[in-house]
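Residue-level listing of the chains:
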Amino acid sequence: MRKFLNLLPIGKQGLGLQEFVKRGSVTADFLGGKAGVVNCGVSMSKPFDFEIGKLTGPGSASFRPPLGLAPAPERRTFFLETFGCQMNDHDSEKVAGVLLARGYRQVDRPEAAGLILYNTCSIREKAAQKVFSRLGEYRTKQSEGKIIGVLGCLAQQEGEDIFERAPWVSLVCGSASYRRLPQLIAELESGNHRVTGLDLDTDETFETEITRRDNPFRAYLTIIEGCDKACSYCVVPYTRGPERSRASDSILREVRQLADLGYSEVQLLGQTVNSYADPTPRRMRFAELLLAVAEVPGIRRVRFTTSHPSDFTPDIVEAMEAQPKVCEHVHLPVQSGSTKVLRAMQRTYTRSEYLEKIGMIRSATRAIAITTDIIVGFPGESEADFEETLRLLDEVRYDSLFSFKYSPRPNTPSLKLPDVIPEEEKSRRLAVLQDKQREIQSARNGQLTGETFEVLVSGKSRRENQWSGYTSSNRLANFTSQAKELLGTYVQVRVTGATPNSLVGEHVV
Ligand code: SF4
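All values derive from a computational prediction rather than experimental measurement.

Some points on the overall build of the protein chain
And then number 1: Broken down by element type, the protein chain carries 14 helices and 23 strands.
And then number 2: Counting across all 509 residues of the protein chain, residues that qualify as buried make up 58%.
And then number 3: Of the contacts formed within the protein chain by residues at least 6 apart in sequence, a portion of 75% connects residues at least 24 apart.
And then number 4: For the protein chain, the computed accessible surface area is about 20700 Å², with 50% contributed by carbon and sulfur atoms.

Structure below.
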């Protein structure tokens, strides 16, 4: 799958998005891809200054990579695969930026790379298993002169144990230590065989000189890292460290640079994005930041995710009402419809407090779409608790939801909770929940037939005259148009039909 690469050299101006589109650098099928081919003619803002041979330093007797054996095509190349959430995706963009600045080139196959990196997720057991199975595939790669690195949540959680389980790994770095990545990579380059970045006690955010952007239409910006909440099932506080917010002036500077590059849509990211606490004397509140980002010339859409219900304050809805550029979509994870289960999850709100927040959002004059996350089968979740969750779905009528079976994670308090729900029962509840939600989404999307929405076009189908893009409410719209080129533009689309997961429509000229 081909991907688009955009570089954001701080203080320099790169090629604008429209210029890329004109040059045909944008491919329609970029969305949903992970590691892909970098297809970019942008020159580096720094000269190549690194030789892959330096990566193959001394190291331990048993696992020393053979010096100078990396085949010529693999020099200064890296392969980066990302697991997990949007924050991980964006971290990978920044990791790629760090490597590109050091003169590496990204390749789409691990076979073609000198440096193989996995940016991992440990939020669910399945994701962690997948990473270890992937690592297993590279058991022999080190002897081919390749360097294998593990980044992200699993790296933080497992730490140096990864070297025990996969001794062919050379780099283990948790996301809270990404600030140290350039230094760790320099250590590898200078011959260190095993390097780690596992500190959690950082008050810094991960900002890089260059961020590689994978998505040509939506630029992601992390504004707050880590989490100070303590949900009993969650590894994030242990793997990403305490909450730390990025300075508002630094965020706004990057947004201005993104606008200069041609981006008109930005998405502010954080595990609890609305807990943002500006560390500068300006003390900008999250709602003020949304407005300030929207006011940057060239910015037409501002998104944010993920919001924590407890920190979702009326001024956020007021900002959405006052500024149409702030997109009409809120992702507000509830996790369960039962207050008893919410307590066991240590979610800091009750069902009725959550519903008050929903009422606040629904009282806006704009039709703000609401999406959520739900975990089924949490220890102690009775059939009655589960039914409360189903009733919550009826009450809120979410526009979309991500649903998961509870999976116990190492070191989390919920591991010790009694009344574990059998796997088959979790699967049954998940299926019931998803069936119900599918009906709700079908009905909600169906009600939009006949309405017209602005869509930012981000995809072109192989089928003639078929395009796709997202509405302000983050609904995927597939539509027909006779236009020759629409990628990266905003168009009006009239809805002519719907599926549970998308709208179908036609371009209104
Ligand atoms: S709010 Fe809870 S679920 Fe979300 S990242 Fe923090 S601890 Fe995890």
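Some remarks on the pairing of strand β18 (residues 400-405)
And then number 1: Examined bridge by bridge, strand β17 (residues 369-376) and β18 share six bridges and lie parallel to one another. The residue bridging Ile375 from the neighbouring strand is Phe404, located in β18.
And then number 2: Chirality of the crossover, the property in question, places the unit of β17, helix α13 (residues 383-396) and β18 among those that are right-handed.

Regarding the environment of Gly488
And then number 1: Tracing the backbone shows Gly488 in the loop between β21 (476-480) and β22 (490-498).
And then number 2: Note on Gly488: relative accessible area 9%, which makes it buried.
And then number 3: Gly488 sits 272 residues away from Pro216 along the chain, and the two C-alpha atoms are 7.9 Å apart.

Let's talk about helix α3 (residues 125-137)
And then number 1: The terminal C-alpha atoms of α3 lie 19 Å apart, and with 13 residues this matches the ideal 18 Å at 1.5 Å per residue to within 8%.
And then number 2: Turning to α3, its buried residues number three or more, namely Ala127, Ala128, Val131, Phe132, Arg134 and Leu135. The buried residues of α3 occupy one face: seen down the axis, they fall within an arc of 155°.

What about the sheet that holds strand β16 (residues 329-331)?
And then number 1: Taken in spatial order, the three strands make up an open sheet running β16-β17-β18, and their pairing is parallel. Each of the sheet's edge strands pairs with one partner strand only, and the pair in question is β16 and β18. Neighbour-to-neighbour, the strand axes of this sheet turn through a mean angle of 10°, independent of strand direction.
And then number 2: Taken together, the three bridges between β16 and β17 define a ladder with parallel strand orientation. Bridge pairing in β17 links His331 to Thr371.
And then number 3: Helix α14 (residues 423-446) rests against β17 and β18 of the sheet, and its axis sits at about 175° to β18.

So, the pattern of salt bridges
And then number 1: According to the stated counting rule, one finds 35 salt bridges in the structure shown.
And then number 2: A salt bridge links Asp315 to Arg285; the nearest nitrogen and oxygen atoms lie 2.3 Å apart. You can see Asp315 sitting in helix α10 (residues 314-322) and its partner Arg285 sitting in the loop between β14 (265-269) and α9 (286-294), a full 30 residues away along the chain.
And then number 3: With a relative accessible area of 17%, Asp315 lands in the buried category.
And then number 4: Glu454 is paired through a salt bridge with Arg301; the nearest N and O atoms lie 3.9 Å apart. Separated by 153 residues along the polypeptide, Glu454 in strand β19 (residues 452-460) and Arg301 in strand β15 (residues 301-305) bring together distant segments of the chain.
And then number 5: Residue Arg301 is classed as buried on the basis of its relative accessible area, which comes to 2%.

Details of the packing of helix α12 (residues 351-362) against α13
And then number 1: Two numbers describe how α12 lies on α13: the axes approach to 12 Å, and their chain directions differ by 15°. What the angle tells us is that α12 and α13 run roughly parallel. Two packed elements cross with a definite hand, and for α12 against α13 that hand is right-handed. Residues Arg351, Leu355, Ile358 and Arg362 of α12 touch α13, and the partners they reach there are Glu388, Arg391, Leu392, Glu395 and Val396.
And then number 2: Of the residues assigned to the contact of α12 with α13, the class counts are four nonpolar, no polar and five charged.

Looking at the pairing of β22
Taken residue by residue, a regular strand's side chains alternate between the two faces of the sheet.
And then number 1: As judged from the five bridges shared by β19 and β22, these two strands associate in the antiparallel manner. By the bridge assignment, Val455 is partnered in β22 with Val491.
And then number 2: With six bridges joining them, β22 and strand β23 (residues 503-508) adopt antiparallel strand pairing. The partner of Gly497 across the bridge, within β23, is Val504.

Description of the packing of aromatic side chains
And then number 1: Per the stated rule, a full pass over the model turns up seven aromatic pairs.
And then number 2: Consider the rings of Phe78 and Tyr104, whose centres lie 6.4 Å apart with planes at 75°: the pair is edge-to-face. Pair noted here: Phe78 is in strand β4 (residues 77-82) and Tyr104 is in the loop between α2 (86-101) and β5 (105-106), with a separation of 26 residues, a long-range link.
And then number 3: On the accessibility criterion, Tyr104 (1% relative accessible area) is buried.
And then number 4: For Arg218, the ring lying beneath its charged end belongs to Tyr470, and the centroid distance is 5.5 Å.
And then number 5: The positively charged end of Lys460 is found above the aromatic ring belonging to Trp467, 4.7 Å away from the centroid.

A word on the confidence of the model for the protein chain
And then number 1: Mean pLDDT over the protein chain works out to 84, with 85% of the residues at or above the 70 mark.
And then number 2: Overall, residues 1-73 carries pLDDT values under 50, and its contacts beyond four positions in sequence, including any with other chains, amount to 172 contacts.

Quick word on the side chain of Thr222
And then number 1: Among the secondary structure elements, Thr222 is positioned in strand β11 (residues 219-222).
And then number 2: The buried category is assigned to Thr222, whose relative accessible area is 3%.
And then number 3: In contact with Thr222, other than residues within four places in its own chain, are Met87, His90, Lys94, Arg246 and Leu269.

Here we look at the sheet that holds β15
And then number 1: In spatial order, the strands read β11-β14-β15; together these three strands make up an open sheet with parallel pairing. Each of the sheet's edge strands pairs with one partner strand only, and the pair in question is β11 and β15. Looking at each pair of strands side by side, their axes are set apart by 25° on average, direction ignored.
And then number 2: In this fold α2 packs onto β11, β14 and β15, with an angle of close to 95° to the strand it touches most, β11.

A closer look at unusual backbone geometry
And then number 1: Here the amide bond leading from Thr305 into Thr306 is cis, since omega sits at 5°, within 30 degrees of zero.
And then number 2: Here Thr306 shows up in the loop between β15 and α10.
And then number 3: A positive phi is found at Gln346, a non-glycine position, where the angle reads about 60°.
And then number 4: As for its placement among the helices and strands, Gln346 is situated in the loop between α11 (339-345) and α12.
And then number 5: Within the chain, Thr348 stands out as a residue other than glycine whose phi angle is a positive 65°.
And then number 6: For Thr348, the location among the structural elements is in the loop between α11 and α12.
And then number 7: Residue classification places Thr348 among the exposed residues on the basis of a relative accessible area of 53%.

The rules we used
Residues numbered from 1 in each chain as written. Predicted model: local features only at pLDDT ≥ 70, side-chain atom pairs only at ≥ 80, totals over all residues. Heavy atoms only, no water. Helix = DSSP H or I, 4+ residues; strand = E, 2+ residues; numbered from the N terminus. Buried < 20%, exposed > 50% of the residue type's maximum accessible area, 1.4 Å probe, protein only. Contact = heavy atoms within 4.5 Å. Areas by Shrake-Rupley, 256 points an atom, 1.4 Å probe, with all protein chains shown as cover. Pairing = 2+ DSSP bridges. Right-handed = clockwise from strand over helix to strand, strands pointing away. Expected span 1.5 Å × (residues − 1). Arc of directions from axis to C-beta. Axes fitted to C-alpha atoms, helices over the stretch in contact; angles between N-to-C directions. Salt bridge = Lys/Arg side-chain N within 4 Å of Asp/Glu carboxyl O. Parallel < 35°, antiparallel > 145°, perpendicular 65-115°, else oblique. Left-handed = near helix turned anticlockwise from the far one by under 90°. Nonpolar A, V, L, I, M, F, W, Y, C, P; charged D, E, K, R; others polar. Phe/Tyr/Trp six-rings, centres within 6.5 Å; stacked < 30°, edge-to-face > 60°. Lys NZ or Arg CZ within 6 Å of the ring centre and 35° of its normal. pLDDT = per-residue confidence, 0-100.

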